[in-house]
Amino acid sequence: MAPISYNTPLMQKAGEIAQEFEYDTKQINAAVEEFQNLMTKGVENEGEAMTMIPTYVTAVPNGTEKGVYLALDLGGTNFRVCSVTLHGNSKFALNQAKSAIPRELMTGTAQGLFSFLASKVGDFVREHHSEHFEEDNEHHLRLGFTFSFPVDQKGINKGFLIRWTKGFDIKDAIGKDVCQLLQEEIDKLGLPVVVAALVNDTVGTLMARSYTSPGKARTLIGAIFGTGTNGAYVEKLANIKKMTATTEAQEAYGHYNTSTGEMVVNTEWGSFDNELRVLPDTPYDRALDANTFNPGIQMFEKRVSGMFLGEILRNAIVALKDSNVGLFAQEGIVINENPNLYRPWTIDTSFLSLVEADQSEGFATSRELMETELGVSGASEQDVEAVRTIARAIGRRSARLSAVPLAAICIRTVLAEEHAHASVTESLAKLSKMIDIGVDGSVVEYYPGFEKYLREALREVDTCGLGELEPRISIGVAKDGSGVGAALIALVATL
């Protein structure tokens with residue numbers, strides 16, 4: 001492969017565009033401070049920009065638990081029933097059965113849908129756990145219900161449907177408790193199953209990591225960096241002041257277990273800084289946002305998650321092409337009629353990953369990708385390097401931004417508390433334990449160098465004298481929060 005000249009107008013312009021995605025140390029620290037401020041507002045007040053939703057999950061597993069628990073995962077047109085057998089040594093075994101939802105049930109009645117779900121739970125339990133039919137009510141199987149539609153959650157196993165999405169439109173289910181709808185149909189069939197918990201898959205990621213995490217570090221955060229992004233963490237109940245602020249608030253939030261003094265909070269951090277006070281903003285971000293169904297909303301997610309990175313890159317490539325510095329301009333290059341390059345939402349984030357990781361001779365892999373994904377045949381090695389320069393900058397910015405909520409939560413919930421405690425009892429060094437974070441999602445798992453870039457940003461965070469942060473953080477993949485995690489929430493749920 002011949003050396004690539006970086007002194008050409010093309011490479012210089014690509015470098016300029018890449019520089020627009022730089023997110024420096026000062027910006028990182030401003031964002032961490034702002035995230036902490038919005039966290040505090042969100043746990044103390046209703047109606048804040050970052051909603052900080054109490055999940056009613058008040059304990060996390062530690063890997064020693066044993067038993068069999070169920071999960072029902074309804075995320076769209078397909079669903080699955082799972083059973084998780086916990087072995088008590090941070091290991092588990094998973095059984096599952098997947099099914100499609102008949103289209104007529106997606107727009108029928110609540111009873112039609114939930115009786116169908118209950119029947120599939122029954123089929124699964126009869127096949128895999130028939131012995132539970134012989135046992136008394138005390139030994140019924142506990143089920144975690146991952147219901148990926150907007151609900152107003154009012155208890156560990158109580159949540160009222162706000163609206164349907166993803167092609168569902170069952171009008172008589174709106175405003176109903178989805179756990180009760182499922183339990184009623186389960187009871188009609190005489191199944192030995194109790195719907196013990198309503199589950200958010202981000203909380204499930206935290207639970208799955210907490211059970212399987214090696215070592216003694218307690219899992220603090222569950223985070224998803226995939227198609228979307230979100231995080232959940234363990235908060236002190238005393239800090240979630242909005243749950244007890246008024247008599248009306250206490251009645252609205254209802255009963256929950258207070259014995260642990262903790263509750264997992266779902267941050268909904270995708271909506272962090274919609275006002276763009278501290279988040280970066282480029283012409284390519286603005287073009288993307290204007291072409292979404294919710295402009296001005298989920299601005300953090302639109303700069304971090306896999307659903308959007310490909311479109312940011314496409315906007316940047318178009319700008320590079322339109323600047324007339326020689327991109328895809330060499331003799332022999334053919335740009336197809338109506339190519340994907342000029343069609344919104346046609347580049348997947350996997351394109352960025354594959355181009356950045358390409359070590360093939362003459363960038364053969366990337367050149368083939370440009371033909372199949374962009375509609376550009378015969379791209380030169382310099383074309384590939386120009387695109388790769390920008391793709392790397394977009395991916396690196398995503399990872400550095402992802403460090404912001406992780407750092408903010410660790411500082412607010414662990415470092416600050418340790419510092420306050422150490423001043424009374426013992427040295428900070430003795431208190432400084434590892435902080436474990438469970439992650440899931442295609443971006444964090446497969447994007448080249450994502451954790452390296454994220455940790456670089458963590459090392460740049462100013463903890464204001466509260467001690468080191470990045471060396472104390474362990475990050476591990478926690479798969480299947482909607483299945484394994486849901487079963488674990490059924491385990492810890494106190495009804």
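Please refer to the structure placed before this passage.
Only a predicted model underlies this, so the values are computations on that prediction, with no experimental measurement involved.

J.: Tell me about the overall build of the protein chain, and name the residues and values.
T.: Helix and strand counts for the protein chain come out as 16 helices and 15 strands. For 495 residues, the compact-globule estimate of 2.2 N^0.38 gives 23 Å, and the protein chain sits close to it at 25 Å. Residue burial in the protein chain is summarised as follows: out of 495 residues, 56% are buried. For the protein chain, the proportion of contacts with a sequence separation of at least 24, taken over those separated by at least 6, is 73%. Within the structure as shown, the protein chain displays about 20900 Å² of accessible surface, and the carbon and sulfur contribution to it stands at 49%.

J.: Any details on the sheet that holds strand β1 (residues 53–54)? Residues and values, ideally.
T.: Pairing is mixed in the open sheet, where six strands are placed in the order β1-β11-β10-β9-β14-β15. Two strands bound the open sheet, and with one partner strand each, they are β1 and β15 (473–477). Here five bridges tie strand β9 (residues 219–225) to strand β14 (residues 435–440), and the two strands are oriented parallel to one another. Its bridge partner lying in β14, Ala 223 is registered against Val 439. Of the strands in this sheet, β9, β10 (229–236), β11 (262–266), β14 and β15 are in contact with helix α5 (residues 201–212), which crosses β9 at around 130°.

J.: Outline the environment of His 87, listing residues and values.
T.: By the element assignment, His 87 lies in strand β3 (residues 78–87). Taking C-alpha positions, His 87 is 9.1 Å from Val 68, a pair spaced 19 residues apart along the chain. Those residues in contact with His 87, other than ones at most four positions away along the chain, are Glu 65, Lys 66, Phe 92, Ala 93 and Tyr 211.

J.: Could you give an account of the pattern of salt bridges, naming the residues involved and the relevant values?
T.: Side chains that carry opposite charge are capable of pairing whenever their charged atoms lie near each other. Tallied over the full model, the rule gives 28 salt bridges. A salt bridge links Glu 311 to Arg 314, with the shortest nitrogen-to-oxygen separation between them at 3.0 Å. Pair noted here: Glu 311 and Arg 314 are both in helix α9 (residues 306–322), with a separation of three residues, about one helical turn. For Glu 311, a relative accessible area of 2% puts it in the buried group. A salt bridge links Arg 388 to Glu 385; the nearest nitrogen and oxygen atoms lie 3.6 Å apart. Of this pair, Arg 388 and Glu 385 both sit in helix α12 (residues 381–422), three residues apart, which is roughly one turn of the helix. This pair shows no difference in class: Arg 388 is buried, exactly as Glu 385 is. Members of the salt-bridge network, linked through shared partners, are Glu 451, Arg 455, Arg 459 and Glu 470.

J.: Can you break down unusual backbone geometry residue by residue, with the values?
T.: Here Ser 90, not a glycine, exhibits a phi torsion of approximately 70°, which is positive. Among the secondary structure elements, Ser 90 is positioned in the loop between β3 and β4 (92–100). With a phi angle near 60°, Lys 166 is a residue other than glycine that sits in the positive phi range. With respect to the helices, strands and loops of the structure, Lys 166 is situated in the loop between β7 (158–161) and α4 (178–188). Residue Lys 166 is classed as partly exposed on the basis of its relative accessible area, which comes to 43%.

J.: Please provide a residue-by-residue account of α9, values included.
T.: Taking 1.5 Å of rise per residue, 17 residues should cover 24 Å, and α9 covers 25 Å from first to last C-alpha, within 8% of that figure. Burial analysis of α9 places 14 of its 17 residues in the buried class, which makes it a mostly covered element. Of the residues trailing α9, Asn 324 is marked for its positive phi of about 60°.

J.: Any details on the pairing of strand β2 (residues 66–74)? Residues and values, ideally.
T.: Sheet topology places β2 next to β3; nine bridges connect them, and they run antiparallel. Directly across from Tyr 69, in β3, lies its bridge partner Val 84. Linking two consecutive strands that pair antiparallel, namely β2 and β3, is a turn of three residues. Across five bridges, the pairing between β2 and strand β5 (residues 141–147) is parallel. Each bridged residue has a counterpart across the sheet, and for Leu 74 the counterpart in β5 is Phe 147.

J.: So what about the packing of aromatic side chains? Which residues, and what values?
T.: One pass over the full model with this rule turns up 15 aromatic pairs. Ring centres 5.8 Å apart and planes at 65° place the aromatic pair Phe 147 and Trp 164 in the edge-to-face group. Remark: Trp 164 occurs in the loop between β7 and α4 and Phe 147 occurs in strand β5; sequence separation between them is 17 residues. A relative accessible area of 4% places Phe 147 in the buried class.

J.: Quick one: what's the story with the packing of α5 against helix α16 (residues 481–492), residue by residue and with numbers?
T.: Relative to each other, α5 and α16 sit at 75°, their axes nearing to 7 Å. In terms of orientation, α5 and α16 fall into the roughly perpendicular class. Counted together, Asp 201, Val 203, Gly 204, Thr 205, Met 207, Ala 208 and Tyr 211 of α5 and Gly 481, Ser 482, Val 484, Gly 485, Leu 488, Ile 489 and Val 492 of α16 form the full contact between these two elements. Its residues assigned to classes, the contact of α5 with α16 shows eight nonpolar, five polar and one charged.

Basis of the calculations
In every chain, residue numbers begin from 1 and rise along the written sequence. Whole-chain, interface and lining totals are the exception, using all residues; otherwise, since this is a predicted model, local features are given only for residues with pLDDT of at least 70 and side-chain atom pairs are given and counted only at 80 or more. Hydrogen atoms and water are omitted, and side-chain values are computed over all heavy atoms in the structure. Strands here are runs of E lasting at least two residues and helices are runs of H or I lasting at least four, both read from the DSSP assignment and numbered beginning at the N terminus. As defined in this context, the radius of gyration uses C-alpha atoms, and a globule is described by 2.2 Å times the residue total to the power 0.38. Only protein chains enter the accessibility calculation, which uses a 1.4 Å probe. A residue is then buried if its area is under 20% of the maximum for its type, exposed if over 50%, and partly exposed in between. What makes two residues a contact is simply this: any of their non-hydrogen atoms within 4.5 Å. Note on areas: these come from Shrake-Rupley sampling with a 1.4 Å probe, and a residue is covered only by the protein chains present in the view. A pair of strands is considered paired only if DSSP assigns at least 2 bridges between the two. Angles here are taken between N-to-C directions and fall from 0 to 180 degrees, while the axes themselves are lines fitted to C-alpha atoms, restricted in helices to the stretch in contact. Whenever a carboxyl oxygen of Asp or Glu lies within 4 Å of a side-chain nitrogen of Lys or Arg, that contact is scored as a salt bridge. One less than the residue count of a helix, multiplied by 1.5 Å, gives the span that helix is expected to have. Note on ring pairs: Phe, Tyr and Trp rings are taken, using the six-membered ring of Trp, and paired if centres are within 6.5 Å. Classes follow the plane angle, with under 30 degrees stacked, over 60 edge-to-face and the rest tilted. Any angle from 65 to 115 degrees is called roughly perpendicular, while one under 35 is roughly parallel, one over 145 is roughly antiparallel, and all others are oblique. The residue classification treats Ala, Val, Leu, Ile, Met, Phe, Trp, Tyr, Cys and Pro as nonpolar and Asp, Glu, Lys and Arg as charged. All others, Gly included, are polar.

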